[in-house]
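# Report on the structure
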Amino acid sequence: MILKRMPEDFKVTELPKVTEDSRGAYSVYKLTKKGIDTYGALFVLRRRFHLNPGQIGVAGLKDKHALTVQYISIHGRQGPALNVQEPSFTLEFLFYAKKPIHAGYLKGNAFEITVRNIEPEYLPTLRQRIALVEKGVPNYYGEQRFGSHSGSSAFIGRALMKTAYEDAVKIYLTASTDGESAAKRHVKNFLAEHWGLWDECLTFVKQCGQERTVPERLLTHLKRSNNDFSGAVRFIPQSYVRLYLEAYQSYIWNETTKRVIQRVCRNTFVLPYRAGEFVFYEELDDATLHDLKIASFSFIEIDATTHFSTLIREALTEVIEKERISLMALNRPLFNAGNLKMRKLLLFPRDFLVSEPLDDELYPRHKKTTISFSLPKGTYATMITRLLFKQ
């Protein structure tokens, strides 16, 4: 099976919360794009219309390997004057609003996903899995949540929560992640090999054209302060630090949920992801489904049946003991990052439909199908596709 063979195969449309107000001070636009991510499109808009970053509000970031529709607000009553038609995106004025759009200010997302290169022999299994999805899917945090993770021990958030500030700074400066350029990897490898030799590191960073960057400022601080790693953390952008902490908290939540599913479901299978493994079930009896359906938890609170509350508490204890971190550390606000909110163990897609399989024009003797559904914010469409296609 192949996902995202072309951007049109993966369509995502935001379900906005913003409401119209004809007297509002914000212009609201529909941004339709493919082959460019949200940051890239906004960069073009800022440059063309001389906008400050603070003028533009977005609810979420959308991938470039998809056809996406999202909504943005721009401070001011520019209206249709900012309509744009570029090869990779269009911007269309909709209405004025009283309040700006901001991160998380949406109801959810609607998806239309075309899956290609399906073996005809898999179709009976696919029908069984469709029935399973309709019962509910493990509500793991998806791969996208862990973009900063670069190895089994390379959670910057873990180091920050343990106040291991040198480890956090070292991971930030030296650990490579997917999609980085060869030039960035070259710099990070040099810093790893010359760790602690700040003069040499600074000289190399400047030679590579990274003057007045976060790494350059961070290394300058370490040189001048005689290895003040706690202070050095402050040079990492706060928005990044928040993502690092939330990624680690999400990993703990995933690991806890994985253990609960392993204990209550006999027939399971494992799929790897960037930070670990997802465990899915092949089948689910009605009693277990009932308990899973009503269960939710955070690191502070559990809302479930007595039996499941015990299972969740035991699983969480097992995970944090393995991680050698305390619940107090997990729940302690750091660098303006909050705690994970209550999250349900199961995810239920709304308006879930799967088209009849058709011949795939791109892959002879294979089939394609289109899956459509909507999800609330903070949940991941990849959980649906991974359960359906076991990949």
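In what follows, the structure referred to is the one given above.
Residues numbered from 1 in each chain as written. Predicted model: local features only at pLDDT ≥ 70, side-chain atom pairs only at ≥ 80, totals over all residues. Heavy atoms only, no water.

In terms of regular secondary structure, the protein is built from 13 helices and 17 strands. Here the C-alpha coordinates of the protein stretch approximately 65 × 55 × 50 Å along the principal axes. Taken over 391 residues, the protein has a buried fraction of 50%. For the protein, contacts bridging at least 24 residues in sequence account for 73% of all contacts bridging at least 6. Measuring between centres, the 55 positive side-chain charges of the protein sit 5 Å from its 43 negative side-chain charges. (Helix = DSSP H or I, 4+ residues; strand = E, 2+ residues; numbered from the N terminus. Buried < 20%, exposed > 50% of the residue type's maximum accessible area, 1.4 Å probe, protein only. Contact = heavy atoms within 4.5 Å. Lys, Arg positive; Asp, Glu negative; His and termini not counted. Charge placed at Lys NZ, Arg CZ, Asp CG, Glu CD.)

The subject of this paragraph is the pattern of salt bridges. What the rule picks out here adds up to 21 salt bridges. Among the salt bridges present, the one from Lys 30 reaches Glu 92, with a minimum N-O distance of 3.9 Å. On the criterion of sequence distance, the pair formed by Lys 30 in strand S2 (residues 26–33) and Glu 92 in strand S6 (residues 89–97) is long-range, its members being 62 residues apart. With a relative accessible area of 26%, Lys 30 lands in the partly exposed category. A residue is classified by how much of its surface remains accessible, and Glu 92, at 39% relative accessible area, is partly exposed. The partner of Glu 143 in a salt bridge is Arg 274, with the nearest N and O atoms 3.8 Å apart. One end of the pair, Glu 143, is in the loop between strand S8 (137–138) and helix H3 (156–161); the other, Arg 274, is in the loop between strand S9 (268–273) and strand S10 (276–281), with 131 residues separating them in the sequence. Glu 143 sits in the partly exposed class, given a relative accessible area of 26%. Among the ionic contacts, a cluster of salt bridges with common partners joins Asp 9, Arg 116, Asp 360, Glu 361 and Lys 368. (Salt bridge = Lys/Arg side-chain N within 4 Å of Asp/Glu carboxyl O.)

Moving on, we come to the sheet that holds strand S11 (residues 296–297). Strand order in this open sheet of three strands is S12-S11-S13, and the pairing throughout is antiparallel. In this open sheet, the two strands that pair with only one neighbour each are strand S12 (302–303) and strand S13 (343–344). Sheet analysis places S11 next to S12, joined by two bridges and oriented antiparallel. Across the sheet, the residue bridging to Phe 297 is Ile 302, located in S12. (Pairing = 2+ DSSP bridges.)

Evaluation of the coordinates by the stated rule reveals 25 aromatic pairs. Ring geometry for Phe 155 and Tyr 251: centres 5.0 Å apart, planes at 45 degrees, overall tilted. Of this pair, Phe 155 sits in the loop between S8 and H3 while Tyr 251 sits in helix H9 (residues 238–264), and the two are 96 residues apart along the sequence. You can call Phe 155 buried: its relative accessible area is 2%. With a relative accessible area of 9%, Tyr 251 lands in the buried category. Measuring from centroid to centroid gives 6.3 Å for Trp 198 and Phe 229, while their planes differ by 70 degrees, and the two rings are edge-to-face. One end of the pair, Trp 198, is in helix H6 (residues 198–207); the other, Phe 229, is in helix H8 (residues 229–233), with 31 residues separating them in the sequence. (Phe/Tyr/Trp six-rings, centres within 6.5 Å; stacked < 30°, edge-to-face > 60°.)

So, on to the nonpolar core. Looking at soluble globular proteins, one finds that nonpolar side chains tend to be buried together. Formed by 99 residues in total, the largest nonpolar core has its most connected members in Val 169, Ile 252, Phe 280, Phe 373 and Leu 388. No other element matches H9, which puts 11 residues into this core. Apart from the residues within four sequence positions on either side, Leu 388 is in contact with Tyr 122, Leu 126, Arg 129, Ile 130, Val 133, Phe 352 and Ile 371. Counting 18 residues, the second-largest nonpolar core is a separate cluster that includes Ala 41, Val 44, Phe 89 and Leu 91. (Core = buried A, V, L, I, M, F, W, Y, C linked by side-chain atoms within 4.5 Å.)

Once that is clear, we can look at the pairing of strand S1 (residues 10–16). As judged from the seven bridges shared by S1 and strand S7 (residues 106–118), these two strands associate in the antiparallel manner. Paired with Phe 10 across the bridge in S7 is Ile 113. In the sheet, S1 pairs with strand S4 (residues 67–75) via three bridges, with the strands oriented parallel. Note that in S4 the partner of Lys 11 across the bridge is Leu 67.

So, about the environment of Gly 179. Relative to the helices and strands, Gly 179 resides in the loop between helix H4 (165–174) and helix H5 (182–193). Residue Gly 179 is classed as exposed on the basis of its relative accessible area, which comes to 79%. Expressed as a C-alpha distance, the spacing of Gly 179 and Ala 232, which sit 53 residues apart in the sequence, is 26 Å.

So, on to the packing of H9 against helix H11 (residues 306–323). Contact pair H9 / H11: the axes reach a minimum separation of 9 Å and the direction vectors enclose 130 degrees. Between H9 and H11, the angle falls in the class oblique. Helix-helix and strand crossings are classified by hand; for H9 and H11 the assignment is right-handed. Packed against H9, whose contacting residues are Tyr 248, Tyr 251, Ile 252, Glu 255, Thr 256, Arg 259, Val 260, Arg 263 and Val 264, the element H11 presents Phe 308, Leu 311, Ile 312, Glu 314, Ala 315, Leu 316, Glu 318, Val 319, Ile 320, Lys 322 and Glu 323 at the interface. (Axes fitted to C-alpha atoms, helices over the stretch in contact; angles between N-to-C directions. Parallel < 35°, antiparallel > 145°, perpendicular 65-115°, else oblique. Left-handed = near helix turned anticlockwise from the far one by under 90°.)

On to the environment of His 102. Relative to the helices and strands, His 102 is located in the loop between S6 and S7. Among the residues examined, His 102 registers a relative accessible area of 43% and is labelled partly exposed. For the pair His 102 and Pro 333, spaced 231 residues apart in sequence, the C-alpha separation works out to 22 Å. When sequence neighbours within four positions are dropped, the list of residues in contact with His 102 reads Val 58 and Ala 59.

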